[in-house]
Amino acid sequence: DAGVIQSPRHEVTEMGQEVTLRCKPISGHDYLFWYRQTMMRGLELLIYFNNNVPIDDSGMPEDRFSAKMPNASFSTLKIQPSEPRDSAVYFCASSFGTVNYGYTFGSGTRLTVV
Amino acid sequence: AQTVTQSQPEMSVQEAETVTLSCTYDTSESNYYLFWYKQPPSRQMILVIRQEAYKQQNATENRFSVNFQKAAKSFSLKISDSQLGDTAMYFCAFIGLQGAQKLVFGQGTRLTINP
């Protein structure tokens, strides 16, 4: 298996622009998670899905952030409009069934908003 | 809410030495899992080792082992015969089995192995 695939690996955008981050989970995994990593706040869970349904979005910082999972093999995290404080590494992770074995992470997207 | 604390922001040892990274956590649950993840400069998050709370035996994976003290809520990682490739950020993480299954991370320890 190719693992969790995220794109793009790097994204530089101007403040106010819309940004879309993409994730393809491991085939057969039924949980998908979006995390944000910053120096100040560490790794924060933004939202997670189970069987394509959003279960907990309490970590989404504000209405500018939205996430979708239209099918079992694809998810997006969108920021509109983007702000410099959104600059971070965004990770997608997936797991199968209960999470006893931890998550498998993608390589992350480094987002820079200038 | 569960919290995970790593009290050592940075550590540095010589190659081939043994190093122990500390982690404590806070939870009211009795059944849960603990993990150590490694994040090298490549940014990839790599699962190093996992521990089931109801198992008293400490987990081991080759040069990596844990010291799990459930009563003290402590979960330290020992790396034996450290190698240059062990240089990375190490994150301790917790997940409870009651309610929402969300992996909660500590702030991380930056480990440098010197030649």
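Read on for a plain summary of the structure. Worth saying up front: this structure is predicted, and the values here are computed from it rather than measured. (Residues numbered from 1 in each chain as written. Chains lettered and ligands numbered in written order. Predicted model: local features only at pLDDT ≥ 70, side-chain atom pairs only at ≥ 80, totals over all residues. Heavy atoms only, no water.)

Quick look at the interface of chain B and chain A now. Facing the 19 residues of chain B at the interface are 29 residues of chain A. Of the roughly 1,900 Å² buried where chain B meets chain A, counting both sides, 48% is carbon and sulfur surface. When the buried surface of chain B facing chain A is broken down by residue, B:R43, B:Q101 and B:K102 rank first, second and third, together holding 35% of it. The interface formed by chain B and chain A holds one salt bridge in total. Between B:K102 and A:D56 there is a salt bridge, with its nearest N and O atoms 2.8 Å apart. Inspection of the region where chain B meets chain A yields eleven residue pairs in polar contact (both at pLDDT 80 or more). Ranked by residue count, the leading element in the side of chain B that touches chain A is strand β5 (residues 32-39) of chain B, at four residues. Classifying every residue of the side of chain B that touches chain A gives eleven nonpolar, five polar and three charged. (Contact = heavy atoms within 4.5 Å. Buried area = accessible area lost by both parts, 1.4 Å probe. Salt bridge = Lys/Arg side-chain N within 4 Å of Asp/Glu carboxyl O. Polar contact = N/O pair within 3.5 Å; in protein donor to acceptor, adjacent residues only side chain to side chain. Helix = DSSP H or I, 4+ residues; strand = E, 2+ residues; numbered from the N terminus. Nonpolar A, V, L, I, M, F, W, Y, C, P; charged D, E, K, R; others polar.)

Residues and elements named next belong to chain B. Scanning all chains against the criterion turns up 13 salt bridges over all chains. Salt-bridge contacts for D26 lead to K73; the nearest nitrogen and oxygen are separated by 3.8 Å. Separated by 47 residues along the polypeptide, D26 in strand β4 (residues 24-26) and K73 in the loop between β8 (64-69) and β9 (74-79) bring together distant segments of the chain. Taking relative accessible area as the criterion, D26 reaches 41% and is therefore assigned partly exposed. According to the relative accessible area criterion, K73 is partly exposed, its value standing at 26%. Among the ionic pairs, D86 bridges to R63, the shortest N-O distance being 2.8 Å. You can see D86 sitting in the loop between β9 and β10 (88-96) and its partner R63 sitting in the loop between β7 (60-61) and β8, a full 23 residues away along the chain. (Buried < 20%, exposed > 50% of the residue type's maximum accessible area, 1.4 Å probe, protein only.)

Turning next to the sheet that holds strand β8 (residues 74-79) of chain A. Residue and element names in this part refer to chain A. Strand order in the open sheet formed by four strands is β1-β3-β8-β7, with antiparallel pairing between adjacent strands. Where the open sheet ends on each side, the last strands, each with one partner, are β1 (5-7) and β7 (65-71). Neighbouring strand axes in the sheet, compared pairwise and without regard to direction, differ in orientation by 15° on average. In terms of strand pairing, strand β3 (residues 19-24) meets β8 through five bridges, oriented antiparallel. Counterpart to V19 in the pairing with β8 is I79. (Pairing = 2+ DSSP bridges. Axes fitted to C-alpha atoms, helices over the stretch in contact; angles between N-to-C directions.)

The next point concerns the packing of aromatic side chains. All names here are of chain A. For the coordinates displayed, the defined rule picks out 19 aromatic pairs over all chains. Ring centres of F33 and Y103 lie 3.9 Å apart, and the angle between their planes is 15°; on these two criteria the pair is classed as stacked. Placement of F33 in strand β4 (residues 31-38) and of Y103 in the loop between β9 (88-95) and β10 (104-105) is noted, with a sequence separation of 70 residues between them. You can call F33 buried: its relative accessible area is 0%. (Phe/Tyr/Trp six-rings, centres within 6.5 Å; stacked < 30°, edge-to-face > 60°.)

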